[in-house]
Amino acid sequence: MSSNRTIIHLRELIQRHQTAPPPRAAARLETGIASVDETLAGGLPKGALVEIVSALPGCGASSLLVSLLRKNAAASRWSALIDGHDNFDPASAGEAVLSCLLWIRCRTADEALRSADLLLRDGNLPLVILDLRGNPDAELRRIPTPQWYRLQRTIEPTGIAGLILTPRPMIPCAQARLLLQNRLSLEALDDEQETIVRTLRMELTRNRAAMSHEDLAQAG
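Calculation notes
- Residues numbered from 1 in each chain as written.
- Predicted model: local features only at pLDDT ≥ 70, side-chain atom pairs only at ≥ 80, totals over all residues.
- Heavy atoms only, no water.
- 1 Å grid on protein atoms, 1.4 Å probe; cavity = no way out; pocket = protein on both sides within 12 Å on 5 of 7 lines; lining within 4 Å.
- Points joined across faces, edges and corners; volume = space filled by probe spheres on them.
- Helix = DSSP H or I, 4+ residues; strand = E, 2+ residues; numbered from the N terminus.
- Nonpolar A, V, L, I, M, F, W, Y, C, P; charged D, E, K, R; others polar.
- Core = buried A, V, L, I, M, F, W, Y, C linked by side-chain atoms within 4.5 Å.
- Buried < 20%, exposed > 50% of the residue type's maximum accessible area, 1.4 Å probe, protein only.
- Contact = heavy atoms within 4.5 Å.
- Pairing = 2+ DSSP bridges.
- Axes fitted to C-alpha atoms, helices over the stretch in contact; angles between N-to-C directions.

A. Broad picture of the layout of surface pockets. Computed from the structure, the second largest pocket encloses a volume of approximately 320 Å³. Lining of the second largest pocket is provided by 18 residues; of these, S62, N87, F88, D131 and R133 occupy positions nearest its centre. Looking at which element gives the most residues to the lining of the second largest pocket, the answer is helix α3 (residues 61-74), with 4 residues. Residue composition of the lining of the second largest pocket, by class: 4 nonpolar, 10 polar and 4 charged.

Laid out in structure tokens, this is it:
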């Protein structure tokens, strides 16, 4: 095939791609938490990473985490919690949650990311949560950027909803990023967790349905 015919053929393929019907909306895992499901148009997207940033102290992230685990257990679904710095208090969740929870206690961010990679490759759990809020900033800064893209490529062909809790924005390939905006008073921290969760305010600071060409280049 001559170079001119090759170019014409490529143009025809591009034209067909541009006129193709838009892809169907991605499947979502409904969390049962109104602020999450409404902000993300139905829940956590499957086959993608979502980042929830808790930059402020007392913003309710721990209550949100426990509520997510409880509602997932109530729906008879298993969850995996990769505890980046062994901070999770199992007593806060209750026996019903623990019976449907794979809790992986890690000491470093590197251990946590390797655990996440294994679980995403396994592909058998509907919800995988990676909690990096307690890890030292020096550890988090040493995470290579390509490692996030590898996790994204690993989760894409699965039906897993991947949620990562971070102390600051740090995942460049997250499909969505939510910023917790609350700053709870000491009195509010004495409230029931479900009461706290109902008051949570979230700002959607990033939302995209697919990786851009620039993202794919970095991932490669």
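B. Spotlight on the nonpolar core. With 33 residues, the main nonpolar core has L44, L64, L69, F88, I129, L163 and L180 as its most contacted residues. Contributing elements (two or more residues each) for this core: β3 (48-53), α3, β6 (127-131), β7 (161-166), β8 (176-180) and α8 (193-198). The element best represented in this core is α3, accounting for 7 residues. Contacts of L163, omitting those with residues within four sequence positions, involve L44, V50, I52, L68, V128, I129 and L130. Counting residues in hydrophobic clusters, the runner-up holds 26 residues, among them V128, L132, Y149 and A174.

C. Main features of the sheet that holds β3. Strand order across the open sheet formed by 7 strands is β5-β4-β6-β7-β3-β8-β9, with mixed pairing between neighbours. Of all strands in the sheet, those with a lone pairing partner are β5 (101-105) and β9 (202-207), marking the two edges. Averaged over all pairs of adjacent strands, the angle between strand axes in this sheet comes to 20 degrees, irrespective of strand direction. Sheet strands touched by helix α7 (residues 145-155): β3, β6 and β7. Its angle to β3, the strand with the most contacts, is close to 130 degrees.

Geometry only, nothing functional implied.
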